[in-house]
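# Observations on the model geometry
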Amino acid sequence: MDRWIRRIDTVLILCMICYVVLFACPGFAGVRPVRVLSGSMAPKIQEGDMAYIKSCTASDARPGDVIAFRLENGQMVLHRLIEKTGEGLITKGDANEREDFCPADPEQVVGRLVFSLPQGALWYERATSEQVIKALFLYGMIRGCRTLIRRFHRRFSR
């Protein structure tokens, strides 16, 4: 029984380390994970991937970079920068046949893509789901009770 509990503990600790490294630590480096909602950047970036965006300005971005910019309605777009013009930034999704309808305003640039994690958003949603949180809480309670019972038994069985 102890062997199985140690194995479960090891798996949970490894999962927690992965969670912290992939979803919590990037924020300390100025990188934020963002869920990809469309397939406009396929095949490199798919819907359900997690895109990691590092803050930058339009002057830092170069043609060929994948940039994130916020539209007037608040929606964030992740597209490749094709060209900088006097009208603004010409962008295009890799899966789209044509450039975006209107140039992005340089003030709308949020950041540049650092890397993407395939299916990362789906893993994040699963890891933070209500069922997983409840199961971890229950496991922690059982583990805590078991530890208290063992200590109580050791203390009073001498």
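Residues numbered from 1 in each chain as written. Predicted model: local features only at pLDDT ≥ 70, side-chain atom pairs only at ≥ 80, totals over all residues. Heavy atoms only, no water.

## Comments concerning a nonpolar patch on the surface
Operational definition: Residues enter patches when they are more than 30% accessible in relative terms and free of salt bridges; like-charged ones are connected within 9 Å and nonpolar ones (Val, Leu, Ile, Met, Phe, Trp, Tyr) within 5 Å. Here the open area of atoms and residues is found with the Shrake-Rupley method and a 1.4 Å probe, where only the protein chains shown may cover a residue. Criterion for a salt bridge: a side-chain nitrogen of Lys or Arg within 4 Å of a carboxyl oxygen of Asp or Glu. Counting from the N terminus, the helices are the DSSP runs of H or I reaching at least four residues and the strands are the DSSP runs of E reaching at least two.
Side chains of Ile13, Leu14, Met16, Ile17, Tyr19, Val20, Val21 and Tyr124 sit close together on the surface and give an oily, nonpolar patch of about 700 Å² of accessible area. A per-element tally of the nonpolar patch places helix H1 (residues 2-24) first, with seven residues. Considering the arrangement of structural elements, one finds Tyr124 in helix H2 (residues 120-127).

## So, the sheet that holds strand S4 (residues 76-84)
Short version of the rule: Being paired, for any two strands, means DSSP has found at least two bridges between them. Whenever a helix is involved, its axis is fitted only over the stretch in contact; in every case the axis is a line through C-alpha atoms, and angles between N-to-C directions fall within 0 to 180 degrees. A contact between two residues is defined here by any heavy atoms of the two lying within 4.5 Å.
Sheet architecture is open: six strands sit in the order S1-S2-S6-S3-S4-S5, paired in antiparallel fashion. Sheet topology places strand S1 (31-35) and strand S5 (89-92) at the edges, where each strand pairs with a single neighbour. If you compare each strand with its neighbour and ignore which way they point, the axes differ by 50° on average. Sheet topology note: the strand S3 (residues 66-70)/S4 ladder contains five bridges and is antiparallel. By the bridge assignment for S4, Val66 is matched with Arg80. With respect to the sheet, H1 is in contact with S1, strand S2 (50-55) and strand S6 (109-117), its orientation differing from that of S2 by roughly 50°.

## Here we look at the packing of aromatic side chains
Given two aromatic rings, one states the distance between the centres and the angle between the planes to describe the pair. To be explicit about the condition: Only centres within 6.5 Å qualify two rings of Phe, Tyr or Trp (six-membered ring in Trp) as a pair; their planes then separate them into stacked at under 30 degrees, edge-to-face at over 60, and tilted for everything else. Accessible area is worked out with a 1.4 Å probe on protein chains only. A residue is then buried under 20% of its type maximum, exposed over 50%, and partly exposed in between. In this scheme, the term charge over a ring applies when either NZ of a lysine or CZ of an arginine sits within 6 Å of the ring centre and within 35 degrees of the ring normal.
In the structure shown here, the tally under the stated rule is five aromatic pairs. On the numbers, 4.7 Å between centres and 55° between planes, the contact of Phe152 with Phe156 is tilted. Residue Phe152 and its partner Phe156 are both found in helix H3 (residues 130-156); the two are separated by four residues, about one turn of the helix. Residue Phe152 is classed as exposed on the basis of its relative accessible area of 55%. Taking the relative accessible area as the measure of exposure, Phe156 reaches 57% and is therefore exposed. Residue placement shows Arg7 over the ring face of Trp4; its charged tip is 5.1 Å from the ring centre. The ring of Trp123 has Arg126 lying over it, and the distance from NZ or CZ to the ring centre is 5.5 Å.

Structural measurements only, silent on function.
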